[in-house]
There are 2 protein chains.
Amino acid sequence: MITGTTRLYAIVADPITQVRTPEVLNNFFAANGHDGVLVPMHVAANDLADVVNGLRHMKNLGGFIVTVPHKTALAALCDELGGAARSVGAVNAVRREADGRLVGEMFDGTGFVSGLKSQGHDPAGKRVLLLGSGGAAGAIAYALAQAGVGHLTIANRTLSKAHAIISKVQAHFPDARLDAAAADPAGFDMVVNATSLGMREDDALPIDTQLLQPHQVVAEIIMKPEFTALLQQAQQRGCTIHMGRHMLDQQARLMAEFMHGSAF
Amino acid sequence: MITGTTRLYAIVADPITQVRTPEVLNNFFAANGHDGVLVPMHVAANDLADVVNGLRHMKNLGGFIVTVPHKTALAALCDELGGAARSVGAVNAVRREADGRLVGEMFDGTGFVSGLKSQGHDPAGKRVLLLGSGGAAGAIAYALAQAGVGHLTIANRTLSKAHAIISKVQAHFPDARLDAAAADPAGFDMVVNATSLGMREDDALPIDTQLLQPHQVVAEIIMKPEFTALLQQAQQRGCTIHMGRHMLDQQARLMAEFMHGSAF
């Protein structure tokens, strides 16, 4: 039941009709007894600054989540950024402080790492091969370093992009052991696919799955299809597989607590 | 259930916690099978222009309702005003057109007249004495003229304010018969209290109730207390009484249909 005391939250996106955040977060608020409601706001890229300025002046707004195409643009509109957002240069959740200041953070990486932990795959001290060097890979590299990964290798066709992520992460975690190399899983405990390969049926595999070993964990961030070709072949090779949906489940809770300003 | 396809509506006010509009409108949407949600937005007077500019750029926004203290300021922020809003110089509901244009209208008066009709008190052709010359009185005068009132007399201590309302209403309805006079109910079919007298326990009566006749309808727009001193004394005199809440009930439906762009 929405009343005059209900705290307001939003998800800002374009397009908007496909977003699942309202169902997930409103169920989460209800389960935790929080008098809050999250609503969809359909905003074009050109209008983002106007809408964010409006949201800044809504005194009962807890915060808002953003997704495609606003994550990078929003970073420039916040008054303060968390470590992951600064490292990645993108934001997917904003908390509105009581004085109207907007604090942005990026939860793609911490959501992924929380998802790993929720399934018993704590990356602390492990050797991880990360495939890809886009925004998601950058966020995951940051979160893996934060979680104390033993050694992180980033594999990408364009090596300069992998090196760019490495220098940003090492600016925050100078002791983290990171390098860039080819996509060869030999010697790793875990392989993480942070490329978009696997979303479409005719996509190539992001790695030669014949090289996978049964002791390895193979993780996805792709949510549709849930059971990508990579996960299917990894399972056939005897690997432990980790679905993309765990990242979303954990991220919802992390973003809700961030916007709320404390744990539920 | 709020999803990515849910149409967004808001009520903008300061303070916000006391507003009843979310409950009333969300129940109305649900009862009419409309996939829409109305949420509270707490906005200070100084921030209204920024917030309205933000709302203008939310492509899934149907519209918004405003109440204290924004009704007059909002009129200047709309791209187009309906007749009642132009006459009164205030707005309490805004529809967002698909191209982002904001169309404002004032439903205080039409809500009151719809409330009268819903209780069998059609003012068409009737002689009505209207007490007060504030914003509510102006909106009601406009709506009574629009509804074909037979003769409308406005009674107010400051007669110039009553005359100001009369000229504004006559600009829209040149044939309406309106005048300003003392608060004497003799010869009227209906007496409408549009002053704030009656909200507080020690308020004076807005009229000498000894002059009321049993054939007269005595109407309030005050909602708390529901049974004002005026209504109590009018009932003792044998008059038919008409509660303030009928105005709110009807106004909710009218505003929902206005923001939706068509009847439900």
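Residues numbered from 1 in each chain as written. Chains lettered and ligands numbered in written order. Predicted model: local features only at pLDDT ≥ 70, side-chain atom pairs only at ≥ 80, totals over all residues.

Run through helix α7 (residues 159-172) of chain A, naming residues and quoting values.
All names here are of chain A. Taking 1.5 Å as the rise per residue, α7 with 14 residues should run 20 Å; its terminal C-alpha atoms sit 21 Å apart, in good agreement. Here α7 has its buried residues at A162, I165, I166 and V169. Viewed end-on, α7 has its buried residues packed into an arc of 100°, placing them on one side of the element. Facing away from the buried surface of α7 by more than 90 degrees, the exposed residues are S160, S167 and A171. Close packing links the buried residues of α7 with α4 (83-88), α6 (135-146), β8 (151-155) and β9 (178-180). (Helix = DSSP H or I, 4+ residues; strand = E, 2+ residues; numbered from the N terminus. Expected span 1.5 Å × (residues − 1). Buried ≥ 20, exposed ≤ 12 C-beta atoms within 10 Å, placed from the backbone. Arc of directions from axis to C-beta. Contact = placed C-beta atoms within 7 Å.)

Describe the domain arrangement of chain A, and please don't skip the residues or the numbers.
Residues and elements named next belong to chain A. Taken as a whole, chain A is organised into domain 1 (7-106) and domain 2 (109-247). The straight-line distance from the C-alpha centre of domain 1 to that of domain 2 is 27 Å. On the domain 2 side, the residues contacting the seven residues of domain 1 number ten residues. When residues in the side of domain 1 that touches domain 2 are grouped by element, the largest group, four residues, is from α4. Each residue belonging to the side of domain 1 that touches domain 2 can be placed in one class, and the counts come to four nonpolar, two polar and one charged. (Domains from an automatic or database assignment. Nonpolar A, V, L, I, M, F, W, Y, C, P; charged D, E, K, R; others polar.)

I'd like a rundown of the relation of the copies chain A and chain B, residues and numbers included.
By a simple turn and slide, chain A fits onto chain B: the slide is 0.0 Å along the axis, the RMSD is 0.1 Å, and the turn is 180°. On the angle and the small slide along the axis, the relation comes out as a two-fold axis. Taking the C-alpha atom as reference, chain A places G54 of chain A closest to the rotation axis, 2.2 Å from it. (Least-squares fit on C-alpha atoms with pLDDT ≥ 70 in both.)

Explain the sheet that holds strand β2 (residues 36-42) of chain A to me, and be specific about the residues and the numbers.
All names here are of chain A. Spatially, six strands are ordered β2-β1-β3-β5-β6-β4 in an open sheet, and the strand pairing comes out mixed. Looking along the sheet, the strands with just one partner apiece sit at the ends: β2 and β4 (80-81). Against the sheet, helix α9 (residues 245-260) touches β1 (7-13), β3 (61-66), β5 (93-96) and β6 (102-105), its axis set at about 20° to β5. (Pairing = 2+ DSSP bridges. Axes fitted to C-alpha atoms, helices over the stretch in contact; angles between N-to-C directions.)

Break down the interface of chain A and chain B for me, citing the residues and quoting the values.
Contact residues are listed per partner, giving 31 residues for chain A and 31 residues for chain B. When residues of the side of chain A that touches chain B are traced back to their parent elements, those giving at least two are α1 (21-31), β2 and α2 (48-56) of chain A. Its residues assigned to classes, the side of chain A that touches chain B comprises 15 nonpolar, twelve polar and four charged.

Please set out helix α1 (residues 21-31) of chain B residue by residue, giving values where relevant.
Residues and elements named next belong to chain B. Residues of α1 that are buried: T21, P22, L25, N26 and F29. In a view along the axis of α1, the buried residues occupy a sector of 105°, so they form one face of it. The exposed residues of α1 that point more than 90 degrees off its buried face are N27, A30 and A31. Structurally, α1 contributes buried residues whose contacts are with β1 (7-13), β2 (36-42), β3 (61-66) and α9 (245-260). One or two residues past the end of α1 sits G33, with phi positive at roughly 65°.

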